Amino acid sequence: MARKPWPIVILAMFHFLEPVFKILFYSLLWDMPVSRFLTYMQYQSSFGELFLFLGAFPIAGFAILSVKKWSIPTFFLVQVITVAGHIYYHRVAPKAFPISLIVSVTVANLAVVTYFLMPAVRIAYLDPRVRWWEAKPRYLVNLSAKAIQGKKSTEGNISNISEGGIFLTCTGKAALAVEEPITLQFDFLNLAMTVTGRIRHFSTGSGAHKYGIQFSDLTREQKTNMRRCIAVLGTLDYERQGGNEDAVESLKTWVRTLVKTGRGLMPEVKSLPAKKTQVSVGSDTATSDKSVAA
């Protein structure tokens, strides 16, 4: 199952839990029971102080986990407010907020800010094309289908499907016209499905023609039927392309990779799509201006 990179998830979780860590830390620093500290915060703190103490970092965590263009500016703003707030409290109550604490907080904040300024991290937030985990789920299936172009029809088999397209294999000598629109007919759980699309990539070899087909010009009803189809596949726990690894196994794999190779601190994102794609035809290759989107 497609998941957000673990470095982003873990960093976000730390920000969500930061108020808990902070409560425990200041309770120890000020030699005060947690219950008494919470009572003090409730009755003695202003709204601004409560926001800085309890709300700022969870907001930053939400921004980190969202992975959107607004995430980095929001995160940076929270970091600036946090550092400024600690400096202010040190000036007001230097014994309660010692300079060593302010320096430690500032260094930690700068380290996290530096992490988000690194190209491999920054691009994930600024360019949605590299966020592979946001791709529509693609399920492995085995469905008979009929491909129609004009008056010509070809039998084939659908091996995977998503809301955006399918992967179709046709055997025999007949091949589909790559540049022409295509109508696909197939049955799914006793529902007759008809969709239209265009071939975005193809290959031939070993007596089979393989096509990546992107849906296009679908009616509202066809789009609704496809969404229902994909939802049912997910409910029935069909295998997703790339596997259905659960969160625990995914985290274990990430940790093992990090320990053994040192890789994994930076979120792995897919390469930006090229302006031209290679279309394979047997042992030859030809260049196409169309992107692979099925």
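Residues numbered from 1 in each chain as written. Predicted model: local features only at pLDDT ≥ 70, side-chain atom pairs only at ≥ 80, totals over all residues. Heavy atoms only, no water.

1. Section: a nonpolar patch on the surface
Here is the rule we go by: Within the patch definition used here, like charges are joined within 9 Å and nonpolar side chains (Val, Leu, Ile, Met, Phe, Trp, Tyr) within 5 Å, considering only residues with over 30% relative accessible area and no salt bridge. Under the convention used here, a 1.4 Å probe and the Shrake-Rupley method define accessible areas, while residue burial counts only the protein chains that appear. Each reported salt bridge corresponds to a side-chain nitrogen of Lys or Arg within 4 Å of a carboxyl oxygen of Asp or Glu. Starting at the N terminus, helices and strands are each numbered in turn, a helix being any DSSP run of H or I of at least four residues and a strand any DSSP run of E of at least two. The rule is simple: take the accessible area with a 1.4 Å probe, protein chains only, and divide by the maximum for that residue type; under 20% is buried, over 50% is exposed, in between is partly exposed.
Among the surface-exposed residues, Phe-14, Leu-17, Val-20, Phe-21, Leu-24, Val-34 and Leu-38 lie close enough to one another that they form a single nonpolar patch of about 590 Å² accessible area. Turning to its location among the elements, Phe-14 is positioned in helix α1 (residues 6-29). Taking the relative accessible area as the measure of exposure, Phe-14 reaches 40% and is therefore partly exposed.

2. Describing the packing of aromatic side chains
So the rule is basically this: A pair of aromatic rings is counted whenever rings of Phe, Tyr or Trp (Trp by its six-membered ring) have centres within 6.5 Å, and the orientation is called stacked for planes under 30 degrees apart, edge-to-face for over 60 and tilted otherwise. Any Lys NZ or Arg CZ found within 6 Å of a ring centre and within 35 degrees of that ring's normal is scored as a charge over the ring.
Taken as a whole and assessed by the stated rule, the structure comprises 16 aromatic pairs. Ring centres 5.4 Å apart and planes at 25 degrees place the aromatic pair Tyr-89 and Phe-97 in the stacked group. According to the relative accessible area criterion, Tyr-89 is buried, its value standing at 15%. Their ring planes at 90 degrees and their centres at 5.6 Å tell us that Tyr-115 and Phe-116 sit as a pair that is edge-to-face. Both residues of the pair, Tyr-115 and Phe-116, count as buried. Geometry around Phe-53 places Lys-22 over its ring, the cationic atom sitting 5.0 Å from the centre.

3. Some details on the pattern of salt bridges
Tallying each qualifying case throughout the model produces two salt bridges. Lys-22 serves as the salt-bridge partner of Glu-18, at 3.0 Å between the closest nitrogen and oxygen. Pair noted here: Glu-18 and Lys-22 are both in helix α1, with a separation of four residues, about one helical turn. Classification of Glu-18 by relative accessible area gives buried; the value is 11%.

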